[in-house]
Amino acid sequence: MKLPVLSWILCVLALIGLLAWLGSDVVPLTKDKAGREQGKALIGGDFTLVDGAGKTVTEQDFRGKYMLVYFGFTHCPDICPTSLLLIQNALNKLNGKGKKVVPVFITLDPERDTPEAVGQYVAHFGPTMVGLSGTRAQIDAVAAAYKVYHRKAEVEDSAMGYVIDHSGFMYLMGPDGAYITPFPHTISEQSLTDGLAAAIK
Ligand code: NI
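Our subject in this report is the structure included herewith. Quantities reported herein were computed from a predicted structural model and do not represent experimental measurements.

Notes on the overall build of the protein
Part 1 of the argument: A tally of regular secondary structure across the protein gives five helices and nine strands.
Part 2 of the argument: When the helices and strands of the protein are read in sequence order from the N terminus, they spell out α-β-β-β-α-β-α-β-α-β-β-β-β-α.
Part 3 of the argument: When each of the 201 residues of the protein is scored for burial, the buried share is 40%.
Part 4 of the argument: Relative to all contacts within the protein whose residues are 6 or more apart in sequence, the contacts with residues 24 or more apart total 66%.

Below, the structure written as structure tokens:
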């Protein structure tokens, strides 16, 4: 009789172990001392890209400032320019707090969007907006780090040739580089302004 009981206990222990192991991948949104939700730290991280002046920049160059990161491509007919305008308008409304935030636009189309082209593009939206490009490998790496969906889609009978289907979230990153919160591109200007005001210390 003892052996089956022991087997049963071992079975339960194994199951507990398995659940703990499975659970370790599903990180609960517990807050650390700084109030950050640790489970969200899976977005963002180091990157190496090139700015409009041809200078190599990394995530470290933004430390001490908030980043509001948006991914897209300069040939985007509607969503990207609308989103960048929205970002710039919200930051303008925030005045002092807005100055703590660097809006960062990262292209998902480095074949057409040279660093210089991205730099010129973002200058249309605001003087502090930073436009970044890089090699295909660098872009794929940063897009993966931010969990950005992107896919090249051919457009027939169009001079444009192709577009990039992409997800449209703005990611607010803290002065320490930690992920704070996303905002959908469909958000209203007022909601974005309020959301940023609440998140920025
Ligand atoms: Ni777009």
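Quick word on the coordination of the nickel ion
Part 1 of the argument: Donor atoms from the polypeptide that coordinate the nickel ion comprise C76 (SG), C80 (SG) and H166 (NE2), at 2.1 to 2.2 Å from the metal.
Part 2 of the argument: Going along the chain, you hit the donors of the nickel ion in the pattern C-x3-C-x85-H. Here C76 matches C80 in class, with each residue buried.

So, the sheet that holds strand 2 (residues 56-58)
Part 1 of the argument: Taken together, the seven strands give an open sheet; going across it, the order is 2-1-5-4-3-8-9, and neighbouring strands pair in mixed fashion. Looking at the sheet topology across the chains shown, the edges are occupied by strand 2 and strand 9 (179-184). Each strand axis lies, on average, 35° off the axis of its neighbour in the sheet, ignoring direction.
Part 2 of the argument: Sitting on the sheet, helix 2 (residues 79-93) is in contact with strand 3 (66-72), strand 4 (101-107) and strand 8 (169-173), with an inclination near 165° to strand 3.
Part 3 of the argument: With respect to the sheet, helix 5 (residues 189-199) is in contact with strand 3, strand 8 and strand 9, its orientation differing from that of strand 9 by roughly 175°.

A word on the packing of aromatic side chains
Part 1 of the argument: In the structure shown here, the tally under the stated rule is seven aromatic pairs.
Part 2 of the argument: Between F105 and Y121, the aromatic rings sit 5.6 Å apart at their centres with planes inclined by 45°, giving tilted as the arrangement. Within this pair, whereas F105 is found in strand 4, its partner Y121 is found in helix 3 (residues 115-123), the two being separated by 16 residues in sequence. By the burial criterion, F105 is buried, and Y121 matches it.
Part 3 of the argument: On the numbers, 6.3 Å between centres and 55° between planes, the contact of Y171 with Y179 is tilted.
Part 4 of the argument: A network of ring pairs unites the aromatic residues F71, Y146, F169, Y171 and Y179 as a single cluster.
Part 5 of the argument: Directly above the ring of Y162 sits R112, whose terminal nitrogen or CZ lies 3.6 Å from the centroid.

Some remarks on the side chain of E59
Part 1 of the argument: Following the sequence through the fold, E59 ends up in the loop between strand 2 and strand 3.
Part 2 of the argument: You can call E59 buried: its relative accessible area is 4%.
Part 3 of the argument: A distance of 2.9 Å separates polar atoms of two side chains, one belonging to E59 and the other to R63.
Part 4 of the argument: With residues up to four places along the chain from it excluded, the contact list for E59 reads G45, D46, F47, M67 and G177.

Considering the nonpolar core
Part 1 of the argument: Of all hydrophobic cores here, the largest spans 53 residues; its most connected members are V69, F71, I106, Y146, Y171 and L196.
Part 2 of the argument: Here Y171 is in contact with I43, M67, L68, V69, F71, Y146, K147, V148, Y179, T181 and P182, once residues within four sequence places are set aside.

Observations regarding the environment of E111
Part 1 of the argument: Its place among the elements puts E111 in the loop between strand 4 and helix 3.
Part 2 of the argument: For the pair formed by E111 and T135, sequence separation is 24 residues and the distance between their alpha carbons is 8.2 Å.
Part 3 of the argument: Those residues in contact with E111, other than ones at most four positions away along the chain, are R136 and Y162.

What to know about helix 3
Part 1 of the argument: Every buried residue of helix 3 is listed here: V118, Y121 and V122. All buried residues of helix 3 fall inside an arc of 90° around its axis, so they share one side. What points out from helix 3, more than 90 degrees from its buried face, is the exposed set E116 and A123.
Part 2 of the argument: Of the surrounding elements, those touching the buried residues of helix 3 are helix 2, strand 4 and strand 5 (130-133).

Some words on the pattern of salt bridges
Part 1 of the argument: Summed over all chains, the structure comprises six salt bridges.
Part 2 of the argument: Salt-bridge contacts for E111 lead to R136; the nearest nitrogen and oxygen are separated by 2.9 Å. On the criterion of sequence distance, the pair formed by E111 in the loop between strand 4 and helix 3 and R136 in helix 4 (residues 136-145) is long-range, its members being 25 residues apart.
Part 3 of the argument: For E111, a relative accessible area of 45% gives the class partly exposed.
Part 4 of the argument: Across the pair R151 and D165 runs a salt bridge whose closest N-O atoms are separated by 3.2 Å. In this pair, R151 sits in strand 6 (residues 150-154) while D165 sits in strand 7 (residues 162-166), placing the two residues 14 residues apart along the sequence.
Part 5 of the argument: Among the residues examined, R151 registers a relative accessible area of 43% and is labelled partly exposed.
Part 6 of the argument: Overlapping salt bridges, with partners in common, bring together E111, R136 and D140 in one network.

Calculation criteria
Residues numbered from 1 in each chain as written. Predicted model: local features only at pLDDT ≥ 70, side-chain atom pairs only at ≥ 80, totals over all residues. Heavy atoms only, no water. Helix = DSSP H or I, 4+ residues; strand = E, 2+ residues; numbered from the N terminus. Buried < 20%, exposed > 50% of the residue type's maximum accessible area, 1.4 Å probe, protein only. Contact = heavy atoms within 4.5 Å. Donors = N, O, S within 2.8 Å, 3.2 Å for Na, K, Ca; no water. Pairing = 2+ DSSP bridges. Axes fitted to C-alpha atoms, helices over the stretch in contact; angles between N-to-C directions. Phe/Tyr/Trp six-rings, centres within 6.5 Å; stacked < 30°, edge-to-face > 60°. Lys NZ or Arg CZ within 6 Å of the ring centre and 35° of its normal. Polar contact = N/O pair within 3.5 Å; in protein donor to acceptor, adjacent residues only side chain to side chain. Core = buried A, V, L, I, M, F, W, Y, C linked by side-chain atoms within 4.5 Å. Arc of directions from axis to C-beta. Salt bridge = Lys/Arg side-chain N within 4 Å of Asp/Glu carboxyl O.

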